[in-house]
Structures are given as C-alpha cells and as structure tokens.
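Listed here are the chains, written in short residue letters.
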Amino acid sequence: MGGKVTCTLGEVKNRADFIVYWGGNPAECHPRHFTKYTLMQKSKFLPRGRKDRTVVLVDIRETKSAKAADHFLQVRPGKDFELLTILRALIKDQKVSEEQVAETGLSLEVLKDLIEKMKAAKFGVMFFGMGLSMTRGKHMNAAALLTLAAEMNAFTKFVAMPMRGHGNVTGADVIMRWQTGYPFGISLNRGYPRYNPGEFSTVDVLVRGDTDCAFIIGADPGATMPKPAIDHLAKVPTIVLDPHVTHTSRLSRVHITTAPAGIAAPGTGYRMDEVPMPLKPALQSPYPSDEEVVRRIRETIALRPDWMTNQPQMIEAQI
Amino acid sequence: MSEVILRLKQDPVVTLEAEVITPDKFAEMSHEQICESIVYHGKRQLRLDEFFEVEGEKSEHIVLHGDMHRVRHLGRAMTMGSLTAHGDVGMHLGAHMKGGEICIRGNAGDWVGAEMSGGKIHVRGEAGQQVGAAYRGSLAGMKGGIIIVDGSAGIEVGMRMKRGTIFIRGSVKDFAGLQMIGGTIILGEGAEIRTGAWMQRGTIISLKPIDLMPTFGESGVMNPTFISVYSNLLKPHGCELPNDQNLGCYRRFSGDRSVPGKGEILIWQEHALN
Amino acid sequence: MLRITGGTIYDPANGINGEVRDLYIADGKFSSKFDAGRTIDATGMVIMPGGVDVHTHVAGGSINFGRARTPEDHRRTHAFIRSKTRRSGLGGMAPTTFATGYLYAGMGWTTVNEAAVPVLSARHTHEELNDIPIVDKSSLVLLANNEIILDLLEEGEDERAKQIMAWYIWAAKSYGVKAVNPGGVASWKYGNDSKHLTSKISGYDHITPGTIVTKYAKMIDELGIPHPLHLHCNNLGAPGNVETTLETMRHLEGSRAHFAHLQYHAYGGDDWGNMRSEAARLAEYFNAHTNMTTDAGAVLFGDTVTITADGPWQHLLYKLTGRKWGNLDVENETGCGIVPYTYRPSNLVNAVQWAVGLELLLLINDPWRVFLSTDHPNGACFWRYPEIIQLLMCADYRNECMANLPLNIKNKISLPEISREYTLYEIATITSAGPARSLGLKHKGNLGIGKDADLVIYHQDKDIARMFGHPRYVFKGGEIVIEEGDIRETPDGKEYLIQPFYEPDIDEFLRPRFEDRYCMSFENYPVEMERIEHAQIQKCTGDDAEDGDSQ
Ligand SMILES: [Zn+2]
C-alpha cells in the first residue's frame, strides 16, 4: 500500500546525504531552503556540509536550481508519474526496457545509476513541488513519489516531503485533522465531518456551483482558480477576510480588513514539515485579527435559532 | 407492478442529499411517510415532498423524473428492487449497493457504484469520475455486481476494485483500473493515459488501441476462450466482446511491474485488411 | 453544593471497599458537609473515582499523522453531531479531539496522560490538548533519544545532562519523561536498531541503552519529578524480548520506574512461529520488586492503528502486513511510525498478545502497581476498556473468548490456568487510584475530602461491559458531565505540568548545541506559558508535600 514517510527539516539538515528535488525550483521559490536546511549546512554527521551531500534535481526544464545540483534529470513534461513508477519497478529489479524508459526523456543507464546512488545513501530525502503535484495526475504524482520513498526503506533510510506554497497551508491541514479527522475537502453540512476531495474541495464546489455563499480567509482564489469558480464567487455573497485588497476582495460582497497574521496578529504557523512555530507580531494593527472576526461572527450566529434540531447526539452509521 | 414515482418539482439551489430514496426504504413506507422523509438541502433538513411530487407507496420500484444532477446518494446501499431515473442524477449513485437494479436514462455524476458489492447499474448517458471506485483511503473499491455506462466516463474507473465487472461503452479518461485488485473492466472506446497503473491483479479489456504504462510487458497474442464465455455472460446486458480469430486477436500485457503486479490488459486488434 | 446518597463506594485510596456512604461536593471538591442543594439518589449504584489513564496517545503530531492516514476508518465509525453546546467529531481508531473528550468522559474517565510528546512539536500537542474537552490532561516528553542529552552522557557530563533534561521538560510544558526504545530510535535514523541493553547505539561509543535507562531513572528521581521514568523498553514486540525487559528491570533496581505497555515486552520464543507468553516469569520478577509500576498495554481483537515513537518496530510491522505505513522522524529527538493493523483471534501471534495482556493484569498481584491501558490506539482503542474490565472480572467470559483461539496456542499461554477474578475494588484501583498515585496526582483517583470531585456512578449490572460502558452519571470537578449516556456539560479540563529546577545559565550552555542541531530559533523553541489553557503547575520535590496542587 505504500505510505508516507517523512521527517522534520532538522533531520534533513543533520543527516541527509542524498537529496532529490522533484518538480520544484527551490533556488527561486524557496530561496532560504538550500542554505537553511539542505545543501550548505554542516552537521555532526555531515561535517563537510555540501561536499558530503549529493543533490539531484528532476524537472521538465533546467531552472536555476539545476546549477546547485550535482545531477540534473530532465523529464519529459507530463511523464513524472511514469518515471516514478519505472523507478519503483527498477528498485525491485523488475524489467523495464530501454524503449519504455525512453518515453520519459531519460535513459535506462541514467536511472540505474540514480538507483545505485539512492540505495548507497545513508539518509535520502525527496522534496517535491507544485511542478509534480499540480500537473496532470495531481495527487497520484505525489502518491507515486511518496510510495517510492516508502519502498526505498527496504534498502536504506528514505523520506519524502512536499514543498508547500506560501501561507499557513500546513497549519490549516493540521488543525482540520485534529478537529475533524480530515485534512481538507471536508463538508460539515450533516453536522459531522465528511471527507471527499473532488466532491467537497473548494475549487470543485465552486466550479459546480454547489454553494450559495462563500467565506474566504487567508486566500485569494479570485487570482488562482479557474474561471467558472471565480464567476460563481462573484455570483453568490462572498465574504473576504484579508489585510489587503485582493482579486477576491474586489468581487466580494463584504471585505473585512484584518490584521496580517504573524506581522500584527499572533498565533501559530506550521512549517512545511508540520513543526509549529510561534508567530510573534512585531507591529500593532488597528484592525482585528482573523480569529477575532470569526469569533464575533460565530457569537452572532449562535444567537439565532439552530438549523439542526432533533438530531441525535451521536450516530452509528454515517452517510 | 406498483411503483413509487417521484417528479422533481423544484430545482435544488445547492446539493440535495437524498439517501432515503432507495427501494429498501420505500418498500416499507406509506405515501405520507415518503412525503415527510428527510432530505438535506445543503445543511437544511427538509421534507422530500418540498422537492418532489410523490405518487404511490410501499413499493420496491422507484421511478424518478427531472433534472436531478444535484441530487446525491440515490439508491445508496440498496439491496433489492429497482430505481429508474428519467433525467440526470448526481454523485454517489448506487454507492455501497448490494443488490437490485438501477437504470439512468441520462447522465450520472462521480462515484457511480462506488464500493458496491452486488446488483446492476446501467447509465444510458455519461458517467463522471471514479466509477466503481474505492473512496479515498479505502482498501477496496467495487466488490461485486456490474456497472454499464453507455457513454464515456471520467478518471479512475474501477480504482482498487476487487471483483465484479465494469463496462464503459464510450471512452474513459486517465487511470482506469488504478491499483486494481481484481475484477474486470471493459473499455469500448479506449482510454486516455495510465490505464492499469499500479494494478495488482484483475483484467482490463480494451476494444480499441490504448497507451500503456512503461511498466507493463507484452506477453503474446491470443483469442482466449474465456473472452467468449464472458461475452456470452454479458450478452443479456447488451455487451459483446469480439473474439473471432479471423477478424483479430487480443494482445496481452501484464503488470504493473512497479507493484510488482500480475494484472493483465488485453487489447483487441483487428487484422489489417490487406 | 451537591449530595450523592446511598451509593456503594469503592475508594481504594481511602481503603473504602463497597461501603454505603454519602458524598458531598462543594466548589468542585469533595466536602465534609452539605448545607443545601441538589441531592442525587445513588441507592443500589456503584461509585468509583473517575478513571485515570496513565498511558494513552490522544494529541499531537503522531496521532494526528495517524488521523490523516485512516480516512476509511473515520467513515465507518460513530459520529458526534454538533449542537449549540457540543462540537462535532469522529470516534474510531484515532478519534478527533472533541470526540476524544466525549468518549473518555462517556465511560467515566476524567484524567488522561498523553504519553509521547516530542519537544519540537509540543506546542502542537498542547493546542490539541486544549481542544480535548471535559477531561484533565498531562503529557510526557520524549527524551531518551535526544542527541544533545545523549552526547552529554557520552562525554560523561551527567550533571549537565540532568539540567538539560529539566530545561526540556519546562520548555515542553510537560509533566514528566517518557523514554522510548532508548538509543534504538537514534539508531533507526540510520536504519539500524538497538535491541539489547548492551547494544551499540549508532553514532556513540561509550553509551548503550542500559546506560540511558539507569541514568535517566536516576536523574528523574534527583529532579524530584512526581511521575517516575516512563519507559517503553527496547525490543518491543519481538519474540524473546522478555530477556531485554528483565535485563532492563534489573538495571533499574533501586530506582523508581514505570514500565509502559508491558504486554509488548513479555514474549518468549525466538521467531513468530514459536512466540509464547512469558507473562508469568515477568510477573514473578515484578511482584518481587516494588520499585516498579506498569500498565498493561492490553490487546483486543479488531481493527486499530498502531502509532508509536518506535520507528524500527513500525517498519517491521509494515513489512509483515503490507498495509499503509507512515513514518515521521523528528530532528534530534525522536520519531514516530504509523501502521493500521487488525488483531485477529485466528492469528497465533495476535492470540498470544491478547492473552499476555490479560495474564499480566491477572498475575501481577498488587493492583496498585499494574494499571489498565491498551496503549491506545496500539493494542485497542481506549473506548474498549469496558471489554477488558469484563475479561478481568469474569473467568467464564474469559474462557468463552479463549475458545476462539487457535488450537496450537496450548502451552504458549498460561491464561487457561488462571482463575482470578477482579473485584470492583481492584478495578477501581487499576483504573483510577493506582494510576493517579503513580502519576503523583494526589487529588485524583480519590474520593477523600478536599480532593477533586471526579467520580463515576454505575448501575449494578451483571453485564460488566455494559455497566462500565454506560455510566449512570459522570462528575468532573463536581459538575455532572454525563447522565445516562447524554453529554450534559463540556467544561474545559485542566492541564498539569511541572517546572523542575535547573541553573539559569543552562540556556547559554544549550544555545550553541541547539543551534547546531535544530533549524528553529532557540527563542522560538520553548512553549510559552500562555499557550496552556487552565495550566496547573505541580510541585517537584522528593518529599511528600501536603498538597501537590498549587492553585
Ligand atoms: Zn504508547
């Protein structure tokens, strides 16, 4: 079944002697990542720092990050899933022909060399970016990489980790999990959490027009989502909490200006490896925090009659 | 034969979750009970007759009329009887179904027959994604029964299915038979990419040429007798598989080697007319 | 004020064994007098102090990782529906936080000890604990594979190591120290394990798991921490590991120690085929050495998800089952692994495990030293405790269950020869009074005057599992929280922590070592006090202070 095998970034800093970046461009998108966590750091286990590490970049084009890598593997666009799946077969000594490998834009020889290096590593890590998880195949591309990393543990220590985008995406994911059991794609319409990405994920709900109101915090879907989703946001009453004017706030019915989290509002941010970081605000803001606004909205709603009556405290079988 | 007939009289603004609409439940319910049974319009609990005109009672045969593309969970976990819809229906049609028959004279949404274990679903129009699939995290999808889609279907047809048959007369998108554990998928008009990815066991039969994962290997051509046997079994459902060796043969591929799996993909190839 | 009359009371902390007495409650505590207020008639009912779970995993990075890995279980389990006063939640193998509070309180448990907190993510653990309603909470911090402390022991800097230990406990706002597979997790980070007390630890030359356990137990005693070293021994789950466990116990003679989930450490044989119970041998040693306490870590048949800081064991389980696997290594400190698992009566290994948990509970003769636990969710989910109570109280029921075990289990277990049946008094001891004493929570598990009014009232019932699964009333801090299965109130629980003494200059000693190892700023690392809701700092002394509860 594979799995998810991961670690905190300090483990990478202290131990990773083999680092793969897949479909990400940390040199430009996460500039501090190389220096702080991966390439440059020396440690008890890797006293020579960069010299003790092997770095591989896999991407569809040669980005600035390629210069920082020891090996650059250029995969044909849209062939990440195939390449990862071939690697899973090859680590188990399954036969894949030269022609079959060729469709990924790489050669069998290069892959065999890569696998040899991976197996020889003491502590391998694979980072993956949006170039992997947001292209055709999406979650399955990420699953392929996570599974490869899990299966590598039959030979040596290997972990994998997503390079998340900006904002506290990880924090939302972590809290949703402890409160509802699920990371995202959740519906609470039946009075308890249900999970089904594709059915309940925001973009799908909006594209299908399955909602008659939208409440947006700390995100700007008006800038990133497909047009039918944006059109629906403009059609229904949309409420935005944001320190700034955004694409979404422009099309919203209500925009409440809030204090920027981490700069003027305290709290906890979760790093991409799920390590919680305290946000210690340096500035004061005349605006309320997101938390305060949500709490006050909640208190006001609580004064109104409940829409769910005659519900049992608990149900045995869910829908 | 008595029937319960439901006619959609008011379009839901948001999704309408109506898992109560199953032969098992309606077989026991009086007209009044059917009218007052609860459906969920978004987060609000409403009477079924706010959306549907109801005719009949106490029958295990249900007939629906109207554009029900926002109506979800029809025929959920049904074990008997029939459900027929004249019009489109929403997600989770016949999910967890164990028996009985569903016929949709229109299109269906995602998750048709998800994790079903018996019975028959026939969608005359098109189906969405994850036909006969496993829900996220589940170890197994469809475990029995048959799903027929006359039109096309979306991604992940038969994901993690274990037993049973899925026949998609039209074309399907990516990842048909993803992580398949058993059972049979028949693709009438081929598929986009990554068919059979990560399959362990089971059979995918394509009647049109398809692209395969690089982790499958070819293991000969054949006109296996089981295809003819299978074709006879499927005939009553309106499906036929070619197997005349004068007309063509099946190329057999096995994989997915990344697992490593013992699944097979058979691709029908007509002999070139010289 | 409130009065409970006519109930039959089992209060082991005060030696009250089934006497009919009245209880008075005022301001959340038991009181000696009653002026006016509600009276609850408990005639014919059984009253015990609220349950105390000494070892469970309910909050933090690991269980939350487990939640993410098991959506299929969330869907098939029972769901709590939101109301104006209750949050929604899901039960099952890894319940959500709100549901965790409802489920514990629902069976009469009012205090829980989260047994595995990495310091690095302690902030996260506390945020989750804040979201567990009703019950009081404490937590133990994982330190036995902390490389900064191990380095100091390697260098022979024992005193400094002790100071750092105290610093870490306060930084994590924790209540005590948990040691998991000492040295083994550090080795696992290079894909190795350290299975025996004399094994090499990867990266070290002078220390072994044996060094770690003895020195840690000593340091904890010297710091005067209320709860002793909470130890998850090396070589968990492996056939023949009883030798490691006994060796560990011999290392710890003369120190206090709590052995966690002993069931997983009591196996004989040398492979899965000939694995057998060594509970009798272990119990014999344990009975003779009163410096130790333990919790059972009992196994029940059914589905669960195994979550432990023992990374190497989890990888083995993944290879054995081929099921989903999650692993999370935490820099410098620890790691955790997650594998969904089904214990089956037809599986010989599982059947032995099931028997071992019960054998330990039945063969250890002092109920003040062995406590009810399943190492939730590893052996079974905590909400199945009533089933274990039934197995302990009814030998007939136990025999019935044994009929489902494979025939070749004969000679591998001693359960069939055990006829002991627990009394209600003993149940109150292993579920409440005992664990409260071991944790050093003097105002818990005790119906005496001035103690916290946490209690549970049961209907007398021949069906023991039903009796303990469905209390008539549950009181927390003097408030009725459960009545006939209905959640009445959902007050916030308290959180217990300690502040052991360390020299103030330790900060500056630690800073460079810290900055070398971690990728977080030193200032951001300790959890701020204001992050803990309803914090209660417990005193840290060797002597028996009159009241450990500083309000
Ligand atoms: Zn544990």
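About the cut-offs
Residues numbered from 1 in each chain as written. Chains lettered and ligands numbered in written order. Predicted model: local features only at pLDDT ≥ 70, side-chain atom pairs only at ≥ 80, totals over all residues. Heavy atoms only, no water. Contact = heavy atoms within 4.5 Å. Buried area = accessible area lost by both parts, 1.4 Å probe. Salt bridge = Lys/Arg side-chain N within 4 Å of Asp/Glu carboxyl O. Polar contact = N/O pair within 3.5 Å; in protein donor to acceptor, adjacent residues only side chain to side chain. Helix = DSSP H or I, 4+ residues; strand = E, 2+ residues; numbered from the N terminus. Nonpolar A, V, L, I, M, F, W, Y, C, P; charged D, E, K, R; others polar. Pairing = 2+ DSSP bridges. Patch = residues over 30% accessible without salt bridge, like charges linked within 9 Å, V, L, I, M, F, W, Y side chains within 5 Å. Areas by Shrake-Rupley, 256 points an atom, 1.4 Å probe, with all protein chains shown as cover. Domains from an automatic or database assignment. Buried < 20%, exposed > 50% of the residue type's maximum accessible area, 1.4 Å probe, protein only. Core = buried A, V, L, I, M, F, W, Y, C linked by side-chain atoms within 4.5 Å. Axes fitted to C-alpha atoms, helices over the stretch in contact; angles between N-to-C directions.

1. A look at the interface of chain C and chain A
Here is step 1 of the chain: Contacts between chain C and chain A engage 67 residues on the former and 61 residues on the latter.
Here is step 2 of the chain: Summed over both sides, the interface of chain C with chain A buries roughly 5400 Å², with 51% coming from carbon and sulfur.
Here is step 3 of the chain: Our count for the contact surface shared by chain C and chain A stands at two salt bridges.
Here is step 4 of the chain: The partner of Arg82(C) in a salt bridge is Asp306(A), and the shortest N-O contact between them spans 3.4 Å.
Here is step 5 of the chain: Our count for the contact surface shared by chain C and chain A stands at 27 residue pairs in polar contact (both at pLDDT 80 or more).
Here is step 6 of the chain: For the side of chain C that touches chain A, the element with the most residues is strand β20 (residues 325-330) of chain C, which contributes six residues.
Here is step 7 of the chain: Here the residues of the side of chain C that touches chain A are counted per class, giving 21 nonpolar, 20 polar and 26 charged.
Here is step 8 of the chain: By the bridge criterion, two bridges tie strand β14 (residues 314-315) of chain A to strand β9 (residues 79-80) of chain C in an arrangement that is antiparallel.

2. Some details on unusual backbone geometry
Here is step 1 of the chain: Residue Val259(B) is joined to Pro260(B) through a cis peptide bond whose omega torsion reads -10°.
Here is step 2 of the chain: Cis geometry is found at the peptide bond from His376(C) to Pro377(C), where omega equals 0°.
Here is step 3 of the chain: Tracing the backbone through its elements, the reader meets Pro377(C) in the loop between β22 (370-371) and α13 (385-393).
Here is step 4 of the chain: The phi angle at Lys58(B) is positive, at roughly 40°, despite the residue not being glycine.

3. A closer look at a nonpolar patch on the surface
Residues and elements named next belong to chain A.
Here is step 1 of the chain: A surface patch of nonpolar side chains, about 360 Å² in accessible area, is lined by Phe215, Ile217, Val294, Ile297 and Ile301.
Here is step 2 of the chain: Of all the elements in the fold, those that place two or more residues in the nonpolar patch are β9 (214-217) and α15 (290-302).
Here is step 3 of the chain: When residues in the nonpolar patch are grouped by element, the largest group, three residues, is from α15.
Here is step 4 of the chain: Here Ile217 is to be found in strand β9.

4. Considerations on the sheet that holds strand β7 (residues 71-72) of chain B
Residue and element names in this part refer to chain B.
Here is step 1 of the chain: Taken in spatial order, the four strands of this open sheet run β4-β3-β2-β7, and their pairing is mixed. Whereas interior strands pair on both sides, the edge strands pair on one side only; in this sheet they are β4 (44-47) and β7.
Here is step 2 of the chain: Sheet topology note: the strand β2 (residues 16-17)/strand β3 (residues 38-41) ladder contains two bridges and is antiparallel. Along β3, the bridge assignment pairs Leu16 with His41.

5. Examining the domain arrangement of chain C
Often, the extent of an interface is quoted as the loss of accessible area on bringing the components together.
Residues and elements named next belong to chain C.
Here is step 1 of the chain: Domain parsing of chain C yields domain 1 (1-43 + 446-488) and domain 2 (51-65 + 79-85 + 93-100 + 113-445).
Here is step 2 of the chain: One C-alpha centre belongs to domain 1, the other to domain 2, and the line joining them spans 30 Å.
Here is step 3 of the chain: Taken together, the contact between domain 1 and domain 2 spans 21 residues of the former and 21 residues of the latter.
Here is step 4 of the chain: When domain 1 packs against domain 2, close to 1700 Å² is buried across both sides, 69% of that on carbon and sulfur atoms.
Here is step 5 of the chain: Summed over the three residues of domain 1 that lose the most area to domain 2, namely Pro12, Ile464 and Phe468, the buried surface amounts to 31% of that side.
Here is step 6 of the chain: For the salt bridge of Lys444 with Asp454, the shortest nitrogen-to-oxygen distance reads 2.7 Å.

6. What about helix α3 (residues 97-106) of chain C?
Here is step 1 of the chain: The buried fraction of α3(C) amounts to nine of the ten residues, a majority that puts the element mostly inside the structure.
Here is step 2 of the chain: Downstream of α3(C) by one or two residues, Gly108(C) has phi in the positive range, about 95°.

7. A word on the nonpolar core
Here is step 1 of the chain: One finds Tyr216(C) and Trp354(C) to be the most contacted residues of the largest nonpolar core, which totals 152 residues.
Here is step 2 of the chain: Ranked by residues supplied to this core, first place goes to helix α12 (residues 348-363) of chain C with eleven residues.
Here is step 3 of the chain: Aside from chain neighbours lying at most four places away, what touches Trp354(C) is Val299(C), Leu300(C), Phe301(C), Leu391(C), Arg398(C), Cys401(C), Met402(C), Leu405(C) and Leu415(C).
Here is step 4 of the chain: One finds Val58(A), Val4(B), Val123(B) and Met199(B) within the second-largest nonpolar core, a separate group that totals 109 residues.

8. Topic: the interface of chain B and chain A
Here is step 1 of the chain: On the side of chain A, 43 residues touch chain B, which itself brings 40 residues to the contact.
Here is step 2 of the chain: At the boundary of chain B and chain A, one finds nine salt bridges.
Here is step 3 of the chain: Its salt-bridge partner being Asp210(A), residue Arg70(B) comes within 2.9 Å of it at the nearest N-O pair.
Here is step 4 of the chain: Linking chain B with chain A are 26 residue pairs in polar contact (both at pLDDT 80 or more).
Here is step 5 of the chain: The residue makeup of the side of chain B that touches chain A, split by class, is 18 nonpolar, seven polar and 15 charged.

9. Brief notes about the sheet that holds strand β5 (residues 123-128) of chain A
All names here are of chain A.
Here is step 1 of the chain: Judged by pairing direction, the sheet is parallel, and its five strands sit side by side in the order β4-β3-β2-β5-β6 without closing on themselves. Edge positions in the sheet fall to β4 (71-74) and β6 (157-162), since each has one partner strand and no second. Ignoring strand direction, the axes of neighbouring strands in this sheet form an average angle of 15°.
Here is step 2 of the chain: Strand direction decides the pairing type here: strand β3 (residues 54-59) and β4, joined by four bridges, are parallel. Bridge pairing in β4 places Val56 opposite His71.

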